[in-house]
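Coordinate analysis (summary)
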Amino acid sequence: MDKKIKINKNLFKIGEVMEYSSLSRQVIHNYTQLELINEAKRTPSGHRLYGEEVFERIKKIKELRSKGKTLLEIKKILNRQK
């Protein structure tokens with residue numbers, strides 16, 4: 001019996017995050033490693049899934065980057081907003 005994995009419609013694969021955010025896979029990976037964005041869960045095969053809130057975080061990151069903020073500065077700003 002072949003099990004199909006159901007992906008919650010509110011969860012997005014990294015490719016979908018790339019498509020909707022215009023960021024590369026490496027940038028998304030870096031943001032995840034720096035904890036600027038967080039994965040919501042992983043598939044059984046280990047692929048990261050992101051919640052829809054990731055798009056708002058990415059928007060904020062892009063806005064702050066456009067103002068010349070470093071990633072470390074952005075992380076501090078975003079952590080204060082939690």
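Everything discussed here concerns the structure shown above.
All of the points below concern the structure found in this document. Quantities reported herein were computed from a predicted structural model and do not represent experimental measurements.

On to the pattern of salt bridges. Scanning the entire structure with this criterion turns up three salt bridges. One salt bridge connects E35 with K75, and the closest N-O pair in it is separated by 3.9 Å. On the criterion of sequence distance, the pair formed by E35 in the loop between α2 (25-33) and β2 (41-42) and K75 in helix α4 (residues 71-80) is long-range, its members being 40 residues apart. Residue E35 is classed as partly exposed on the basis of its relative accessible area of 48%.

Below, the discussion takes up the sheet that holds strand β1 (residues 11-13). Read across the open sheet, the three strands follow the order β1-β3-β2; overall the sheet is antiparallel. Only two strands of the sheet have a single neighbouring strand rather than two, namely β1 and β2. For β2 and strand β3 (residues 48-51), the ladder comprises two bridges, and the chain directions are antiparallel. Looking at the pairing, K41 lines up with L49 of β3.

Turning our eyes to something else, we now look at the pairing of β3. Here β1 pairs with β3 via three bridges, running antiparallel. Bridging from a neighbouring strand, L11 pairs with G51 of β3. Where β2 hands over to β3, the hairpin turn is made up of five residues, of which G46 adopts a positive phi near 95°.

Further remarks concern the packing of helix α3 (residues 53-66) against α4. Contact pair α3 / α4: the axes reach a minimum separation of 10 Å and the direction vectors enclose 130°. As far as their axial angle goes, α4 and α3 are oblique. Two packed elements cross with a definite hand, and for α3 against α4 that hand is right-handed. Of the residues in α4, those in contact with R57, K60, I61, L64 and R65 of α3 are L71, I74, I77 and L78. Residue composition of the contact of α3 with α4, grouped by class: six nonpolar, no polar and three charged.

Attention shifts here to the environment of N38. Examined against the element boundaries, N38 turns out to sit in the loop between α2 and β2. The exposure class of N38 is partly exposed, given its relative accessible area of 42%. Note: C-alpha distance between N38 and G51 (13 residues apart in sequence) is 8.4 Å.

How each quantity is defined
- Residues numbered from 1 in each chain as written.
- Predicted model: local features only at pLDDT ≥ 70, side-chain atom pairs only at ≥ 80, totals over all residues.
- Heavy atoms only, no water.
- Salt bridge = Lys/Arg side-chain N within 4 Å of Asp/Glu carboxyl O.
- Helix = DSSP H or I, 4+ residues; strand = E, 2+ residues; numbered from the N terminus.
- Buried < 20%, exposed > 50% of the residue type's maximum accessible area, 1.4 Å probe, protein only.
- Pairing = 2+ DSSP bridges.
- Axes fitted to C-alpha atoms, helices over the stretch in contact; angles between N-to-C directions.
- Parallel < 35°, antiparallel > 145°, perpendicular 65-115°, else oblique.
- Left-handed = near helix turned anticlockwise from the far one by under 90°.
- Contact = heavy atoms within 4.5 Å.
- Nonpolar A, V, L, I, M, F, W, Y, C, P; charged D, E, K, R; others polar.

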